[in-house]
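# Working through the structure, step by step
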Amino acid sequence: MNKKEVFSIGVMSGTSLDGVDLVYVKFEKNNYSDFKILQATTIPYSLEWKQMLQNAIHSSGKELENLNVIYGKYLGVIIHNFMSNYKIKNIDFIASHGHTILHEPEKGITLQIGSGKEIAKITKQKVVCDFRTQDVKLGGQGAPLVPIGDKLLFGKYRFCLNLGGFSNISFDKNEERIAYDICPVNIVLNFYANKIGLDYDASGKVALGGEINQQLLKKLNSLNFYKKEPPKSLGLEWVQQEVFPLINSLEKDIPSILRTFVEHIAIQISKVIVNNNSILVTGGGFFNSFLMKQIEKHSNVKIEENNKEIINYKEALVFAFLGLLKIDNQVNCFKSVTGAEKDHSSGVIFIP
Ligand SMILES: Nc1ncnc2c1ncn2[C@@H]1O[C@H](COP(=O)(O)OP(=O)(O)OP(=O)(O)O)[C@@H](O)[C@H]1O
Ligand SMILES: CC(=O)N[C@H]1[C@@H]2OC[C@@H](O2)[C@@H](O)[C@@H]1O[C@H](C)C(=O)O
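Numbering of residues starts from 1 in each chain and follows the order in which that chain's sequence is written. For naming, the first written chain is A and the first written ligand is 1, with later ones following in the order written. With the structure being a predicted model, the display of local features is reserved for residues of pLDDT at least 70 and the display and counting of side-chain atom pairs for 80 or more, all residues being used for whole-chain, interface and lining totals. With hydrogens and water set aside, each side-chain value is computed from the structure's full complement of heavy atoms.

## Some remarks on the sheet that holds strand β12 (residues 348-350)
Only strands joined by at least two bridges in the DSSP assignment are considered to pair. Under the DSSP-based scheme used, a helix requires at least four consecutive residues in state H or I and a strand at least two consecutive residues in state E, with every element numbered from the N terminus. Here we have six strands laid out as an open sheet, ordered β3-β2-β1-β4-β7-β12, and mixed in their pairing. The open sheet is flanked by β3 (36-44) and β12, the only strands paired with a single partner. Here the average twist between neighbouring strands, direction ignored, is 20°. One ladder, built from four bridges, connects strand β1 (residues 5-13) with strand β4 (residues 93-96); its direction is parallel. Looking across to β4, one finds that serine 8 is bridged to phenylalanine 93. Lying over the sheet, helix α3 (residues 116-123) contacts β4, β7 (127-129) and β12, oriented at roughly 160° with respect to β7. Geometry is summarised by axes, namely lines fitted to C-alpha atoms with helices restricted to the contacting stretch, and by angles between N-to-C directions that run from 0 to 180 degrees. In what follows, residue pairs with any heavy atoms lying within 4.5 Å of each other are defined as contacts.

Here it is as structure tokens:
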């Protein structure tokens, strides 16, 4: 694109299925880190959409093709409404991650639904989507894709740490970006908070009232995954096989489980970020103030406040950025992160 200032809408639907994140952002092509989020919002899913997306994994090929179109239309309408509600007129393109239904890169499979063609038709804008397929075709994991955004948009931070279902981190090592999962976070904390009728342990208040179970803590810290060298990633299956049985066999009191797990998270994260104050923390775990305090204590760091839009919308912002790189035919997937055979420019462009 032959312009210095580029305006884009980034759209992301994350694994937790809480809703569709949208950001309207301005990028400065002379200095990528000089971006500005102009508007941001989350459109929560209805129960019906949540169930449809959750159950889609069991659908046939034909049903998935159908869902791709219907969900693409749904995203198109949401984006159209976002544009009209905020009177957004100046747009160069829309970049949409879609929703991941299948992801088995070892078998060459990754599927994000949300047809770019339908979004382009409804919004009458150029759309970039399907960011993971090409990477998987090139032998990569098709994920994570956010680290290139960490590097080029948030390069002033030594570490970018995300505290979502799992904690993941990205940073430069020997001039290459590397990224990996550190340990489970909200996927475990929420599971035990749910058992006492809470969606999550707000600010870590329940954990604060528990005691550390030293035997459990020691066993958690000794899990094999923590001895492996990166790149490495975690999934729900691992948590179900290795973490829940261990916790359930050694502790019954929910506050003490939460207290012990918070300590475990803080210890694992501290191994990476110790004594380095330059760290950007994003994801819902940032709002767990007790967890943040323990991370600061174990790591001997001070984590600075950041603006809520970055904490909540970094992924949607980064997909807008990946779209910009794709349109400009610039690298937006690092082989050092995904394991693909080369760095490449991924995504599919739809013209209205
Ligand atoms: N005030 C709070 N106190 C404690 N925990 C919170 C608070 N607000 C949010 N959280 C936690 O953050 C979670 C949501 O975080 P986030 O949206 O980053 O997760 P996610 O989309 O599942 O992450 P990812 O897909 O990146 O793994 C909530 O389920 C909850 O566990
Ligand atoms: C296949 C897929 O959708 N993966 C997501 C998922 O959600 C978190 C983690 O697993 C990450 O690997 C990825 O998303 C982020 C945005 C990424 O690609 O960087």
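Still to come is the rest of the account.
## A look at the site of ligand 2
Note on terminology: near, applied to a residue and a molecule or strand, indicates that one of the residue's heavy atoms is within 4 Å of it. Within the structure, ligand 2 sits among Met12, Thr15, His97, Thr100, His103, Arg132, Ala143, Pro144, Leu145, Val146, Glu315 and Phe319. In protein, a polar contact requires one atom able to donate a hydrogen and another able to accept it; more generally it is a pair of N or O atoms within 3.5 Å, and residues adjacent in sequence count only if both atoms are side-chain atoms. Here an oxygen atom of ligand 2 sits 2.6 Å away from a polar atom, N or O, in the side chain of threonine 100. A distance of 3.0 Å is found between an oxygen atom of ligand 2 and a backbone nitrogen or oxygen belonging to valine 146. Surface accessibility in these figures is a Shrake-Rupley result with a 1.4 Å probe; residues are shielded only by whichever protein chains are displayed. Compared with its free state, where it exposes 430 Å², ligand 2 has 77% of that area covered by protein. Sorting the residues of the shell around ligand 2 by element identifies β5 (99-104) and α12 (308-327) as the ones contributing at least two each. All amino acids are sorted into three groups, where Ala, Val, Leu, Ile, Met, Phe, Trp, Tyr, Cys and Pro are nonpolar, Asp, Glu, Lys and Arg are charged, and the leftover types, Gly among them, are polar. Here the residues of the shell around ligand 2 are counted per class, giving six nonpolar, four polar and two charged.

## Examining the site of ligand 1
As a matter of local geometry, ligand 1 sits amid 18 residues, with Thr15, Ser16, Asn190, Ser203 and Gly284 nearest to it. Between asparagine 162 and ligand 1, the recorded distance is 3.4 Å, taken from a side-chain N or O atom to an oxygen atom. In the model, a nitrogen atom of ligand 1 is placed 2.9 Å from a nitrogen or oxygen of the serine 203 main chain. Contact with the protein chains covers 76% of the free accessible surface of ligand 1, which is 650 Å². Looking at the shell around ligand 1, the elements that each hand over two or more residues are β8 (159-163) and α6 (186-195). Across the shell around ligand 1, the residue classes break down as four nonpolar, 12 polar and two charged.

## Description of the pattern of salt bridges
Any carboxyl oxygen of Asp or Glu within 4 Å of a side-chain nitrogen of Lys or Arg constitutes a salt bridge here. Inspection of every chain in the model, using the stated rule, returns 12 salt bridges. With its nearest N and O atoms 3.6 Å apart, the salt bridge here joins lysine 62 to glutamate 65. In this pair, lysine 62 and glutamate 65 both sit in helix α2 (residues 61-85), three residues apart, roughly one turn of the helix.

## A closer look at the domain arrangement of the chain
In terms of domains, the chain is made up of domain 1 (5-142 + 334-350) and domain 2 (149-301). Domain 1 and domain 2 are separated by 27 Å when their C-alpha centres are compared. With seven residues of domain 1 at the contact, the number on the domain 2 side is seven residues. Accessible area that two parts lose when put together, evaluated with a 1.4 Å probe and summed over both, is termed the buried area. Taken together, both faces of the contact between domain 1 and domain 2 bury some 690 Å²; the carbon and sulfur share is 73%. Linking domain 1 to domain 2 there are zero salt bridges. At the boundary of domain 1 and domain 2, one finds one residue pair in polar contact (both at pLDDT 80 or more). Annotation comment: domain bounds sourced from an automatic or database domain assignment.

## Quick notes on the side chain of histidine 97
Along the chain, histidine 97 falls in the loop between β4 and β5. Only protein chains enter the accessibility calculation, which uses a 1.4 Å probe; a residue is then buried when its area is under 20% of its type maximum, exposed when over 50%, and partly exposed in between. The exposure class assigned to histidine 97 is buried, which follows from its relative accessible area of 3%. Within the structure, the side chain of histidine 97 is placed 2.8 Å from the side chain of arginine 132, a separation counted as a polar contact. Beyond its immediate stretch of four places on either side in the chain, histidine 97 contacts Val11, Met12, Ser13, Gln112, Arg132 and Phe319.

## Some thoughts on the packing of aromatic side chains
Classification of ring pairs rests on two measures: the distance between centres of Phe, Tyr or Trp rings, Trp counted by its six-membered ring, which must be within 6.5 Å, and the angle between planes, read as stacked under 30 degrees, edge-to-face over 60 and tilted in between. Within this structure, the stated rule accounts for 19 aromatic pairs. Ring plane angle 80° and centroid distance 5.8 Å describe the contact between tyrosine 192 and phenylalanine 244, whose orientation is recorded as edge-to-face. Of the two residues, tyrosine 192 is situated in helix α6 and phenylalanine 244 in helix α9 (residues 236-250); the sequence distance between them amounts to 52 residues. Our definition puts a charge over a ring when NZ of Lys or CZ of Arg is within 6 Å of the ring centre and also within 35 degrees of the ring normal. When the ring centre of phenylalanine 159 is taken as origin, the NZ or CZ atom of arginine 158, which lies over that ring, is 4.9 Å away.

## Structural notes on the nonpolar core
Take the buried Ala, Val, Leu, Ile, Met, Phe, Trp, Tyr and Cys residues and link them wherever side-chain atoms come within 4.5 Å; each set so joined is a nonpolar core. One finds Leu163, Ile169, Val243, Ile247, Ile273 and Ile295 to be the most contacted residues of the largest nonpolar core, which totals 48 residues. The element that contributes the greatest number of residues to this core is helix α10 (residues 254-273), accounting for 10 residues. If near-sequence neighbours (up to four positions away) are discounted, isoleucine 295 is found in contact with Leu163, Ala266, Ile269, Ile273 and Ile303.

## A word on the pairing of β4
Neither face of β4 is left uncovered, since the one carrying Phe93 and Ala95 and the one carrying Ile94 and Ser96 both have all their residues buried. Note: β4 against β7, two bridges, orientation parallel. Within the sheet, the bridge partner assigned to alanine 95 lies in β7 and is valine 128.

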